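Structure assessment
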Amino acid sequence: MLSVTVDDLRLFLHVLAATLWVGGQLTLAGLVPVLRKAGADVPRAVARQFNRIAWPAFGVLIITGIWNITANQHAVDHNSHYRATLWAKLGFVALSGIAAYLHARATSRKGLAIWGAATGLFALASLFMGIVLAEA
Ligand code: HEM
């Protein structure tokens, strides 16, 4: 058996939180049509409950993300491509969080759809940039 390292724990927590933030949103988006049939208020009630899981996961992503940066400090300090990719990723993470906040506050169907789609797309971009960083 391979020995389990602190780095394994760090990436495990980061990826676990990413599965909740990204995977949870995509799954919820797929369930909306059925939730709507269950009752007009059901989608919003389910989304409110999801937020109680999603936002703590987003918090864990930021905390473990900072831990990731300190664990890869050498690459951040000496590799301009790594640094540029990290800044691009942090941009997508911030946009994902802002879009999710605006989605939760949206009152029109159009606002819900636009900010919902934006949240998902920026979350997927953050995920992809994370893999690029990890493979660097
Ligand atoms: C929506 C938010 C985020 C998602 C979905 C996400 C996703 C990921 C994923 C999937 C990986 C690859 C893990 C692996 O393959 O080992 C990763 C790595 C990484 N993430 Fe994130 N992340 C997010 C937020 C953040 C934040 C806020 C930071 C910094 C403050 C950050 C910094 C990093 C770094 C530096 C790595 C490379 C880790 C390594 O190679 O050791 N991430 N991220």
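Relevant structure appears above.
The written sequence of each chain sets the order in which its residues are numbered from 1. Reporting in this predicted model follows two pLDDT cut-offs: at least 70 for local features of residues, and 80 or more for side-chain atom pairs to be given and counted; totals over whole chains, interfaces and linings ignore these cut-offs and use all residues. The basis for the side-chain values is all heavy atoms of the structure; hydrogens and waters are excluded.

Some thoughts on the layout of surface pockets
The line we're drawing: Residues are called lining when one of their atoms sits within 4 Å of a cavity or pocket point, these points coming from a 1 Å grid over the protein atoms alone, where a cavity is a set in which a 1.4 Å probe fits but cannot get out and a pocket is an open set with protein on both sides within 12 Å along at least five of seven lines. Grid points are joined across faces, edges and corners, and a volume is the space filled by probe spheres set on the points. Helix and strand assignments follow DSSP, with helices taken as H or I runs no shorter than four residues and strands as E runs no shorter than two, numbered in order from the N terminus. Ten residue types, Ala, Val, Leu, Ile, Met, Phe, Trp, Tyr, Cys and Pro, are classed as nonpolar, four, Asp, Glu, Lys and Arg, as charged, and the remainder, Gly among them, as polar.
In this structure, the largest pocket occupies an estimated 910 Å³ of space. Along the walls of the largest pocket sit 31 residues, with L28, V32, A47, H103 and L112 positioned nearest its centre. The set of elements that each furnish at least two residues to the lining of the largest pocket consists of α1 (6–38), α2 (42–71), α4 (80–105) and α5 (109–134). Ranked by residues supplied to the lining of the largest pocket, first place goes to α5 with 9 residues. By residue class, the composition of the lining of the largest pocket is 19 nonpolar, 7 polar and 5 charged. Computed from the structure, the second largest pocket encloses a volume of approximately 700 Å³.

Notes on the site of the ligand
Operational definition: Definition of nearness: a residue and a molecule or strand are near each other if at least one heavy atom of the residue lies within 4 Å of the molecule or strand. Whenever a nitrogen or oxygen atom comes within 3.5 Å of another N or O atom, the pair is scored as a polar contact, on the condition that within protein one atom can donate a hydrogen and the other can accept it, and that pairs from neighbouring residues in sequence are kept only if both atoms are in side chains. Any molecule with more than half of its atoms within 2 Å of a cavity's or pocket's grid points is counted as sitting in it.
Not every one of the 24 residues close to the ligand is listed here, only the nearest: R10, H14, N68, N72 and K89. H14 has a polar side-chain atom sitting 2.8 Å from a nitrogen atom of the ligand. For the ligand, an oxygen atom lies 3.0 Å from a polar atom in the side chain of N72. Here the ligand is seated within the second largest pocket.

Here's the deal with the side chain of Q25
What counts, and what does not: Buried means the residue's accessible area, taken with a 1.4 Å probe over protein chains only, is under 20% of the maximum for its type, while exposed means over 50%, and partly exposed covers the values in between. Whether two residues are in contact is decided by their heavy atoms: any pair within 4.5 Å suffices.
Turning to its location among the elements, Q25 is positioned in helix α1. Residue Q25 is classed as buried on the basis of its relative accessible area of 14%. Aside from chain neighbours lying at most four places away, what touches Q25 is L20, F50, T119, G120 and A123.

Some thoughts on a nonpolar patch on the surface
In plain terms, the rule: Patches in this entry comprise residues that are over 30% relatively accessible and not in a salt bridge; like charges within 9 Å are linked, as are nonpolar side chains (Val, Leu, Ile, Met, Phe, Trp, Tyr) within 5 Å. In these tables, accessible area is a Shrake-Rupley quantity obtained with a 1.4 Å probe, and a residue counts as shielded only by the protein chains included in the view. Within this document, salt bridges are pairs made up of a side-chain nitrogen of Lys or Arg and a carboxyl oxygen of Asp or Glu, the two lying within 4 Å of each other.
Residues V6, L9, F12, L16, L20, I53 and W67 make up a contiguous nonpolar surface patch of roughly 630 Å² in combined accessible area. Of all elements in the fold, only α1 and α2 reach the threshold of two or more residues within the nonpolar patch. Looking at the element boundaries, I53 is found in helix α2.

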